[in-house]
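The primary structure of each chain is shown beneath.
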Amino acid sequence: MSLKRFVRGSLSGAMVFLFATSGWAADLAEIKQRGEIRHLGIRYANFVTGAGDGLDVELMQGFAKRIGVSYKLVYSDFYSVIRDLLGKDVVRKNGEVTLAGDYPIEGDVISSGFTVLPWREAILLYSEPTLPSQVLLVAPAESDLQPIQDGADLAADIVNTRKAIGSKSVLVMERTCLDPSNYGLVNVGIDLKAYNKSANLNEMVPAMLNKEAELTLLDVPDAILDLRKWAGKIKILGPISEQQTLATAFPKDAPALRNEFNAYLSEIKASGFYDRLVDKYYPGIRRFFPEYFAKTN
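Just so you know, these numbers come straight off a predicted model, no measurement behind them. (Residues numbered from 1 in each chain as written. Predicted model: local features only at pLDDT ≥ 70, side-chain atom pairs only at ≥ 80, totals over all residues. Heavy atoms only, no water.)

### Some details on the layout of surface pockets
Right, on to step 1. Estimates place the volume of the largest pocket at around 430 Å³.
Right, on to step 2. Together, 18 residues line the largest pocket, and Q134, D150, L154, D157 and P239 are the ones closest to its centre.
Right, on to step 3. Of all the secondary-structure elements, those providing two or more residues to the lining of the largest pocket are helix 6 (154-165), strand 11 (234-239) and helix 11 (290-296).
Right, on to step 4. It is strand 11 that provides the largest number of residues to the lining of the largest pocket, a total of four residues.
Right, on to step 5. Taken together, the residues of the lining of the largest pocket sort by class into 12 nonpolar, three polar and three charged.
Right, on to step 6. By volume, the second largest pocket amounts to about 230 Å³.
Right, on to step 7. Forming the boundary of the second largest pocket are V90, V91, R92, W119, E174, R175, D179, P180, S181 and V186.
Right, on to step 8. Counting residues per element, the lining of the second largest pocket draws most heavily on strand 3 (residues 89-93), at three residues.
Right, on to step 9. Looking at the lining of the second largest pocket residue by residue, the classes come out as five nonpolar, one polar and four charged. (1 Å grid on protein atoms, 1.4 Å probe; cavity = no way out; pocket = protein on both sides within 12 Å on 5 of 7 lines; lining within 4 Å. Points joined across faces, edges and corners; volume = space filled by probe spheres on them. Helix = DSSP H or I, 4+ residues; strand = E, 2+ residues; numbered from the N terminus. Nonpolar A, V, L, I, M, F, W, Y, C, P; charged D, E, K, R; others polar.)

### Notes on the confidence of the model for the protein chain
Right, on to step 1. Taken residue by residue, the protein chain gives an average pLDDT of 90. The fraction at 70 or more is 91%.
Right, on to step 2. Note that residues 1-23 has pLDDT below 50 and, in this model, 28 contacts with residues that lie over four places away or in other chains. (pLDDT = per-residue confidence, 0-100. Contact = heavy atoms within 4.5 Å.)

### Focus on the pattern of salt bridges
Right, on to step 1. Going through the model one piece at a time under the given rule, you end up with 15 salt bridges.
Right, on to step 2. The salt bridge partner of K211 is E142, with a shortest N-O separation of 3.7 Å. Residue K211 is found in the loop between helix 7 (204-209) and strand 10 (215-219), and its partner E142 is found in the loop between strand 7 (135-140) and helix 6; the two are separated by 69 residues along the sequence. No difference in accessibility class separates K211 from E142, as the two residues are exposed.
Right, on to step 3. Between E214 and K168 there is a salt bridge; the shortest N-O distance is 3.9 Å. Within this pair, whereas E214 is found in the loop between helix 7 and strand 10, its partner K168 is found in the loop between helix 6 and strand 8 (169-172), the two being separated by 46 residues in sequence.
Right, on to step 4. On the basis of relative accessibility, which here comes to 38%, the residue E214 falls in the partly exposed class. (Salt bridge = Lys/Arg side-chain N within 4 Å of Asp/Glu carboxyl O. Buried < 20%, exposed > 50% of the residue type's maximum accessible area, 1.4 Å probe, protein only.)

### Regarding the environment of R120
Right, on to step 1. With respect to the helices, strands and loops of the structure, R120 is situated in helix 5 (residues 118-121).
Right, on to step 2. Sequence spacing of R120 and V97 is 23 residues, and the spatial spacing of their C-alpha atoms is 8.9 Å.
Right, on to step 3. Discounting residues that sit within four places of it in the chain, R120 has contacts with F78, I82, F114, T115, Y126, R175, T176 and C177.

Have a look at this one:
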């Protein structure tokens, strides 16, 4: 049985009960009636800076204006954000995804450099892409490992990057885009060190430099910023994943809200506003993904 079929079969009753009984789960009409949209944001890279701005903050502020409601930023973290959206916690075990518990619904939408992953798609609605990404292997600058040579294709580069790990330890963070289970890194002989001191991905490089592991994983948006912040102290060895998509996430019962956001996103890409935001918060990202940005122009 596929993951999506499992989720639909085992959770449909629970999800219907949740959405029927929660006064907070809302689609476009309910949000307009309320007069406020609650943006669940995670302090991460330049998506949500914690200083009242960021790529996703400005995206959602613009969306709030489009639909004629006020904007509210609700801070969350990668461990809690889906629970804050759905009122249910996510449990992943043996390739299966279930929702458990009952919690207050704190927001209407997740927009925070949120990676599109198959298990998340089973329980969430995603918008069109807001940014491309990819997970990379990163080492301290003084490491004896060298960046891999570009191969014939990306798949070959990923294989060579994984081989380069050898016996070295790798710092990872579960339940995020840096979860090793997303990339076949679990139970294959790699020395994985789970970072549990917080759910803040911004702490991965400092922890590695503090010798908590010999290598770490980073996604491209975070790597762009960390290569500047830690200039001369870190280096990228190669890719661990295929190209990924970041997008805004909505509850399954908010298709009208998602569709309206997609229309807004299409308009700001056509107007040039989207490009200005990307250049403001992620200068240099275009050289990582030239094909993606060629399509948006």
